[in-house]
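Close look at the chain arrangement
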Amino acid sequence: MQKPIATTRSATGIPTGRLAIWWVLASEVVIFGGLLASYLMFRLGHPEWANAAAVTNTYIGAFNTFVLLSSSFTAVLAHQAAENGDGKLAAKYLMMTIAGALIFLVVKAFEWSYEISHGYTITSNGFWSFYYTAAGLHAAHVIAGAVIMAFIAADAARGRELQRVELIGIYWHFVDVVWIFLFPLLYIAK
Amino acid sequence: MVERLIQQASSYAHSIDGLILLVTVLVGFWFLLAEGIFFWLIWRFRAKPGVKSQYITGKEKHLKRWVTIPHALVLVCDVFIIIGAVQVWYNVKQHLPEADATVRVIGQQWAWIFQHPGLDNELDTGDDIWTTDDLYVAADKTYHFQLQSRDVLHSFSVPVFRLKQDAVPGRTITGWFHPTVAGTFDIQCAEICGIGHGVMLGRINVQDATEHAAWIALNNSVSAQ
Amino acid sequence: MAQAATVETHGHEAHGQGHHGPEGILKYIWSTDHKIIGMQYLFTGMFMGLIGGLMAYVFRMQLAFPGISVPGFGVVSPGEYNALVTNHGSIMIFWVAMPVLIAAFGNYLIPLMIGADDMVFPRLNRLSYQIFLASAILILASLFVEGGGFGGAWTSYPPLSANENYNLTRLGSTLWLSAVALEFVAFLLGGINFIVTLMNARAPGMKAYDIPLVAWMIVIASILFMLSVGPLMAGAVMLLFDQTLGTGFYDPLRGGDPILWQHLFWFFGHPEVYVVLLPAIGIVIEIVATFARKKLFGYKIMLYTAVATGVLSFFVWAHHQFVAGIDPRMANVFTVTTLLISVPIAELLFVIIATLYGGSITFTTPMLWALAFIAEFLIGGVTGIFLGASGADIYLHDTYFVLAHFHYTFFPIAIIGTFAALSFWFPKMFGRMMNETLGKIHFWGTVIPFNFIFIPLFVLGLGGQHRRIYNFQNFPELAEMQPLRIVATVSLIVMLLFQIPFFYNLFHSMRKGPKADRNPWRSNTLEWTTESPPPHGNWPPDQMPKVYRGPYEYSHPDRAEDYWPQNLPN
């Protein structure tokens, strides 16, 4: 379909796509914010949750943090390439970011399998309920982001819609930031 | 005003009714004024042939005043209401006068269960009197109630006392009342609790001192068996 | 014929007119035209409104004549009663008020009013409606599953809502919750479109203060929604897990807290009422300015006050929880904030009333609805003060006083606001005029009975009658007030019957009404400069409007005409 004239306008001077992604992030911040605030309230009221938190593997958490941060870095490189008009290079860096996402998810899959097989399930106690819910919601956003990123990479490789590389990058940084909050809350605070 | 619809039977009922009356008067004044001006304006400025509307931007100081001054006056009224509300709230919900006796009120799907202290005036002792649906108290005595729930949220409401407090499972919430009129009055559950919410009628029996002592004695001999 | 689609995305005018949308029935499934999507929300919302209204008929019949076999339904069991009131409330708020006021009129009007040819994300717009439709189907489906519809009130407090042993409808409760969550997603996506379109796609020359207020109001409402619904989304996920996976987020036996849900719910629930109020006020403003032939009294005051109301609305939520078991000291904070928020809202109403001063008022059907909004909403607004005063709320919480208060706010918002908007923009949407006589009959037949439904309910509430109870004959102190209940029910039936002339007027006028020209109301805003109904793309691509002034230049002293459209150079 033809793009409406409306999509070419920019009364604020800011590109429409960028405005949209920031509003999406605003609503996501409140969703995760609400979840994490609830977790904090509970945690403060349940000091015994520290025993459950002790089980999470800080090294795996730290590794996954490193993986996500690196993938954010490659997303930045992708943006740079797109700014320079180099769609193929941007696509390459986006694929590296997706690879980072996959590593993150695979590590998490092993991590969760281990924990579940040792009896720490979502219904074990309040800590574990939050652990799986928060990390699960985050993982869902990682998956969704990676899928969208793949489509954008495919377009970019053909030199199309390069402005979207920046936008998915912004989203990816957000996913990163959420994890940076989750990591200390679920892995470090013991 | 409220007492015309339902009697006052507790020591704080009249203060709650008084607050409602205060709000009615203050709010009623502004309401009648606003509606009055509104209806006057739509009559006065109905379209007439040959008469054009005025061009008013809202920046005109003498006109803006008509909005900013009521604005300020409304704020003043709000302050009066806040003071009244805080006073009533403090008395009923924050301050806990010394109790002559304590009762435990337990809500469950779908009935009220009451634990009365019995002859020794102590809860959780052997002579406690347990009833379902009917709570027995003496007039002119101050009671604490310990409110609990066995399952979902319920709410202990005695309209003639003007009292209400939600019952939360996992907690014991303490409140108080001081009945002033003898009689039998409704207890309603004031938080939807399932299909039986509408049949959770309870009755509070406010008895005079002699009657109440007799009731305790009667149930004491019963429970001692 | 479609133009070849190599459109550069930076600074190059796209040829929007060459390609018309899909034809025939497929048009309605795949069209991305904001006007068609707007109408889909409108008709879905009106259909759901009928359902919600019929639910009210059934449960009010039960209340007036307990145990009766309600014509068209049968005898109402206590469980069915709870499901009816629960779904009546949920449907009216989430599937009527929001889709009609925000999604229908927002979609239809915003691009037209800012001189754009569509929203900036037409396909996302399409997706939003489809998700919304799915949520509507889900909520209706929830009524027919084993166990029946969810009956834990629209507020869905756990543990009742979390545990099937308490609510007796595992499927009903989960479907209900899923429907609400899906509706939230639809409005989050839709809101992005409204906000970004208003920010960026305005016609050349349209500065921020030239935007018609209804467009601002819908966008502010969308922002308010987006920023308040997040914690409830999180809470809904937790409740869903409690319902389906057996977690114990809200189960005190497992270390959970039922009150957490209440906080998450009302943190959203309170801003939500302003999410629906602001668009309704916007609609009233457009109509009052047009039919009083008068410049709005204080455009900037309205705008800033609306934003202030939105901001303040985040700080009042626990007035719904005064007696819920929160720390009693907190109640004092929330009484203060709640009473303070009455000030900007009063201001909004005062400014609209002040706009009438010096006007030249004609009482067309849309104007009657707009004026009724003001008169009735004032009642809703002032009765809120009783409930915000914590000491009074001890008695009034969960009584019919609350119910009457929120119907005096919601009914003007969702019902009066809808009829006002529909009668005003009908000529633009359908290219024909509605019948004024039928419109007036419908108006009086709706507004007068409305008052006879809810004033008795104020009295019942003051008399101590509590909510969500299916038969008051069980309560000795309340039984004798039965005549009031009968008055309310009979009035509701009268009001429902008077909707027949409306539906006849609506459907007949759509096809056979007198043809409308571009600007039958001689209004200033841009939607009135194009054909009725507007073509795909709204204006020919080389005739997209430019804007030279604000939207409310009525009766300007330097002009012979008493209106001055925004797009005229002089």
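This report concerns the structure included in the present document. (Residues numbered from 1 in each chain as written. Chains lettered and ligands numbered in written order. Predicted model: local features only at pLDDT ≥ 70, side-chain atom pairs only at ≥ 80, totals over all residues. Heavy atoms only, no water.)

1. Section: the overall build of chain B
Across its full length, chain B carries three helices and ten strands. The C-alpha radius of gyration computed for chain B amounts to 25 Å, which surpasses the reference 17 Å derived for 225 residues by more than 25%, pointing to a less compact arrangement than a globule. Its C-alpha atoms give chain B principal-axis dimensions of roughly 95 × 35 × 30 Å. In chain B, which comprises 225 residues, the share counted as buried stands at 53%. Nonlocal contacts in chain B, meaning residues at least 24 apart in sequence, comprise 64% of its contacts between residues at least 6 apart. A total accessible area of about 10000 Å² is found for chain B, and carbon and sulfur atoms account for 60% of it. Across chain B, the 17 positively charged side chains and the 21 negatively charged ones have centroids separated by 26 Å. (Helix = DSSP H or I, 4+ residues; strand = E, 2+ residues; numbered from the N terminus. Rg over C-alpha atoms; globule rule 2.2 N^0.38 Å. Buried < 20%, exposed > 50% of the residue type's maximum accessible area, 1.4 Å probe, protein only. Contact = heavy atoms within 4.5 Å. Areas by Shrake-Rupley, 256 points an atom, 1.4 Å probe, with all protein chains shown as cover. Lys, Arg positive; Asp, Glu negative; His and termini not counted. Charge placed at Lys NZ, Arg CZ, Asp CG, Glu CD.)

2. Here we look at the packing of aromatic side chains
Residue and element names in this part refer to chain C. Tallied over the full model, the rule gives 78 aromatic pairs over all chains. Centroid distance F450 to F454: 5.4 Å. Interplanar angle 55 degrees. Geometry classified as tilted. Here the residue F450 and the residue F454 both occupy positions in helix α14 (residues 436-462), the gap between them amounting to four residues, near one helical turn. You'll find F450 and F454 in the same group, each marked buried. (Phe/Tyr/Trp six-rings, centres within 6.5 Å; stacked < 30°, edge-to-face > 60°.)

3. Examining the interface of chain C and chain A
Opposite the 56 residues of chain C that make contact, chain A presents 38 residues. Each partner contributes to the roughly 3800 Å² buried at the junction of chain C and chain A, and carbon and sulfur atoms together form 71% of this total. There are zero salt bridges connecting chain C and chain A. Applying the counting rule to chain C against chain A returns ten residue pairs in polar contact (both at pLDDT 80 or more). Listed by contribution, the elements that provide at least two residues to the side of chain C that touches chain A are α4 (122-141), α6 (170-200), α7 (213-244) and α8 (258-291) of chain C. When residues in the side of chain C that touches chain A are grouped by element, the largest group, ten residues, is from α7(C). (Buried area = accessible area lost by both parts, 1.4 Å probe. Salt bridge = Lys/Arg side-chain N within 4 Å of Asp/Glu carboxyl O. Polar contact = N/O pair within 3.5 Å; in protein donor to acceptor, adjacent residues only side chain to side chain.)

4. Quick look at the pairing of strand β10 (residues 202-207) of chain B
Residues and elements named next belong to chain B. Judged by how many residues are buried, β10 sits mostly within the fold: five of six residues are covered. Pairing analysis gives five bridges linking strand β4 (residues 134-138) to β10, with the strands arranged parallel. Across the sheet, residue V137 finds its bridge partner in β10, namely V206. Inspection of the sheet shows strand β9 (residues 183-189) paired to β10 by five bridges, in the antiparallel sense. Residue pairing in the sheet places F185 in a bridge with I204 of β10. (Pairing = 2+ DSSP bridges.)

5. Digging into a nonpolar patch on the surface
There is a patch of nonpolar side chains on the surface, built from C:I25, C:L26, C:Y28, C:I29 and C:W30 and spanning about 570 Å² of accessible area. Structurally, C:I25 is set in the segment before α1 (26-30). (Patch = residues over 30% accessible without salt bridge, like charges linked within 9 Å, V, L, I, M, F, W, Y side chains within 5 Å.)

6. Quick look at the side chain of C:T155
Residue and element names in this part refer to chain C. Along the chain, T155 falls in the loop between α4 and α5 (164-167). Looking at T155, the relative accessible area reads 4%, which means it is buried. The contact partners of T155, leaving out residues within four places of it in the chain, are W261, F265, W266 and R468.

7. A few points about unusual backbone geometry
The general pattern is negative phi for most residues beyond glycine and trans for most peptide bonds. Here the bond from C:P158 into C:P159 is cis, since omega is 0 degrees, no more than 30 degrees from zero. Structurally, C:P159 is set in the loop between α4 and α5. The amide bond that connects C:S532 to the next residue, C:P533, takes the cis arrangement and shows omega of -5 degrees. Along the chain, C:P533 turns up in the segment after α17 (499-512). For B:N121, which is not glycine, the phi dihedral falls at a positive 55 degrees. The topology assignment puts B:N121 in the loop between β2 (111-116) and β3 (129-132).

8. A short note on the interface of chain B and chain C
Opposite the 81 residues of chain B that make contact, chain C presents 95 residues. Around 7400 Å² of area is buried between chain B and chain C when both sides are counted, 70% of it from carbon and sulfur atoms. Looking at the side of chain B facing chain C, the largest losses of area belong to B:Y55, B:W89 and B:I192, adding up to 11% of the total buried there. In this assembly, chain B and chain C are joined by one salt bridge. In this structure, B:R171 engages C:D257 in a salt bridge whose closest nitrogen and oxygen atoms are separated by 3.5 Å. Taken together, the connections running from chain B to chain C amount to 26 residue pairs in polar contact (both at pLDDT 80 or more). Secondary structure elements with two or more residues in the side of chain B that touches chain C: α1 (13-44), α2 (61-94), β7 (163-167) and β9 of chain B. A per-element tally of the side of chain B that touches chain C places α2(B) first, with 17 residues. The class makeup of the residues in the side of chain B that touches chain C is 50 nonpolar, 15 polar and 16 charged. (Nonpolar A, V, L, I, M, F, W, Y, C, P; charged D, E, K, R; others polar.)

9. Quick look at the sheet that holds strand β5 (residues 143-149) of chain B
All names here are of chain B. Strand order in this open sheet of five strands is β3-β2-β1-β5-β8, and the pairing throughout is mixed. Either end of the sheet is taken by a strand with one partner, and the two such strands are β3 and β8 (173-177). In this sheet, neighbouring strand axes are inclined to one another by 25 degrees on average, regardless of whether the strands run parallel or antiparallel. Where strand β1 (residues 101-108) and β2 come together, five bridges link them in antiparallel fashion. Opposite V105, over in β2, you have F114 as the bridge partner. (Axes fitted to C-alpha atoms, helices over the stretch in contact; angles between N-to-C directions.)

10. Some points on the arrangement of the chains
A comparison of contact numbers over the two pairs of chains in contact places chains B and C at the top. Chain A shows no contact with chain B. Their nearest C-alpha atoms sit 14 Å apart.

11. Quick word on the sheet that holds strand β6 (residues 154-158) of chain B
All names here are of chain B. Strands sit in the order β4-β10-β9-β6-β7 across an open sheet of five strands; the sheet is mixed. The open sheet has two free edges, formed respectively by β4 and β7, since each of these has just one partner strand. Strand-to-strand, the axes of this sheet are offset by a mean angle of 25 degrees, without reference to chain direction. Relative to β7, β6 runs antiparallel, the two being bridged by five bridges. Residue H154 lies in a different strand from β7, and its bridge partner there is A167.

12. Structural notes on the packing of α8(C) against helix α11 (residues 365-388) of chain C
Residue and element names in this part refer to chain C. For the pair α8 and α11, the least separation of the axes is 9 Å and the interaxial angle reads 130 degrees. In terms of axis orientation, α8 runs oblique to α11. Read as a crossing pair, α8 and α11 show a hand that is left-handed. From α8, L277, A280, I281, V284, I287, V288 and F291 reach across to α11, where they touch P366, M367, A370, F373, I374 and F377. Tallied by class, the residues present in the contact of α8 with α11 amount to 13 nonpolar, no polar and no charged. (Parallel < 35°, antiparallel > 145°, perpendicular 65-115°, else oblique. Left-handed = near helix turned anticlockwise from the far one by under 90°.)

13. Description of the pairing of β2(B)
Each regular strand carries side chains that alternate between the two faces of the sheet. Residues and elements named next belong to chain B. Here β2 lies mainly inside the structure; six of its six residues are buried. The side-chain alternation of β2 yields two buried faces, one formed by A111, I113 and Q115 and the other by W112, F114 and H116. With four bridges joining them, β2 and β3 adopt antiparallel strand pairing. Counted as the bridge partner of H116 is I129 from β3.

14. What to know about the packing of helix α3 (residues 78-113) of chain C against helix α13 (residues 400-430) of chain C
Residues and elements named next belong to chain C. Viewed as axis vectors pointing N to C, α3 and α13 meet at an angle of 35 degrees, and their least axial separation amounts to 11 Å. Relative to α13, α3 is oriented so that their crossing is left-handed. Taken together, the residues of α13 that come into contact with α3 (itself represented by Y81, H88, I93, A97, V100, L101, F105, Y108, L109 and M113) are Y400, H407, F410, I413, A414, G417, T418, A421, L422, W425, K428 and M429. Classifying every residue of the contact of α3 with α13 gives 17 nonpolar, four polar and one charged.

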